[in-house]
Amino acid sequence: IVVGGGIGGLAAAVALREIAGVEKVKVYEKASKAGWQRAGTSTGLSLFPNGVAALKTISPELHAAVLEEGTAMESMGGGESTFLERYGEPLVGIRWASLRDILHSFLPPGSVVFDAALD
C-alpha cells in the first residue's frame, strides 16, 4: 500500500514492483481521477543527477522514458564540468504532469485508487 499518487508515491510504487518484486501495489490518492489528471499540468521541475540516477536504479526503461520526455541540461552556467561528467547523469527539466504520467504508465491498470481519503 502506498498513500499518495504524486511523484513520490508513484515512484515508490514503481520501485516496489521493479526492485522489490512486489506484484500487487495499490496507490491510494485522495483526489478524483479528473482532479489528479489536471494537477501539475503547467508546473515544471528539475531532477538533479542523483534523482535521475535513482530512476535508472528503479528501471532503465523508466530512466530512458524520462530522458526522452524531459530536457537534459549540461550545466547551470560557467561550471568547469558538466553534470554528466561530474555526476554521471544530467540535470533534467520536465513537466510535473509528464513525470507523473510516465511513472503511472509503469504500473498496471487499476493500481491507483482515486477518491481514497484515508483517516
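Heads up: the structure comes first, above all this text.
Keep in mind it's a predicted model, so treat the numbers as computed, not measured.

Colleague: Honestly, the sheet that holds strand β3 (residues 44–47) in this entry has me stumped. Any pointers?
Modeller: Either a parallel or an antiparallel arrangement is found when strands of a sheet pair, and the pairing is made through backbone hydrogen bonds. Spatial ordering of the open sheet is given by β3-β5-β4, a layout of three strands whose pairing is antiparallel. Because the sheet does not close on itself, it has two edges, and the strands there are β3 and β4 (71–73). Within the sheet, the average angular offset between the axes of one strand and its neighbour, ignoring direction, is 25°. Relative to strand β5 (residues 91–95), β3 runs antiparallel, the two being bridged by four bridges. Looking across to β5, one finds that L47 is bridged to V92. Together, β3 and β5 form the strand contacts of helix α6 (residues 96–105), whose direction differs from that of β5 by roughly 90°.

Colleague: Would you explain the packing of helix α3 (residues 49–58) against helix α4 (residues 60–69) in this entry?
Modeller: In contact at an axis separation of 5 Å, α3 and α4 are set at 140° when each is read in the N-to-C sense. Comparing the axis directions of α3 and α4 gives the class oblique. Residue-level contacts link V52, L55, K56 and I58 of α3 to P60, L62, H63, V66 and L67 of α4. Residue composition of the contact of α3 with α4, grouped by class: seven nonpolar, one polar and one charged.

Colleague: How should the nonpolar core be read in this particular structure?
Modeller: In globular proteins that are soluble, nonpolar side chains generally tend to be buried together. Membership of the largest hydrophobic core comes to 24 residues, with the highest contact counts inside it found for L10, V27, L47, L62, V66, L99 and L103. Of the residues forming this core, the biggest block, six residues, is contributed by helix α1 (residues 7–18). Here L103 is in contact with I7, L10, A11, V14 and L62, once residues within four sequence places are set aside.

Colleague: Can you help me understand α1 in this one?
Modeller: Every α-helix winds through 3.6 residues per turn, so residues three or four apart in the chain are directed the same way. For α1, which comprises twelve residues, the first-to-last C-alpha distance of 16 Å matches the rise-based estimate of 16 Å (1.5 Å per residue) to within 8%. Residues of α1 that are buried include every one of I7, G9, L10, A11, A13, V14 and A15, and no others.

About the cut-offs
- Residues numbered from 1 in each chain as written.
- Predicted model: local features only at pLDDT ≥ 70, side-chain atom pairs only at ≥ 80, totals over all residues.
- Heavy atoms only, no water.
- Pairing = 2+ DSSP bridges.
- Helix = DSSP H or I, 4+ residues; strand = E, 2+ residues; numbered from the N terminus.
- Axes fitted to C-alpha atoms, helices over the stretch in contact; angles between N-to-C directions.
- Contact = heavy atoms within 4.5 Å.
- Parallel < 35°, antiparallel > 145°, perpendicular 65-115°, else oblique.
- Nonpolar A, V, L, I, M, F, W, Y, C, P; charged D, E, K, R; others polar.
- Core = buried A, V, L, I, M, F, W, Y, C linked by side-chain atoms within 4.5 Å.
- Buried < 20%, exposed > 50% of the residue type's maximum accessible area, 1.4 Å probe, protein only.
- Expected span 1.5 Å × (residues − 1).

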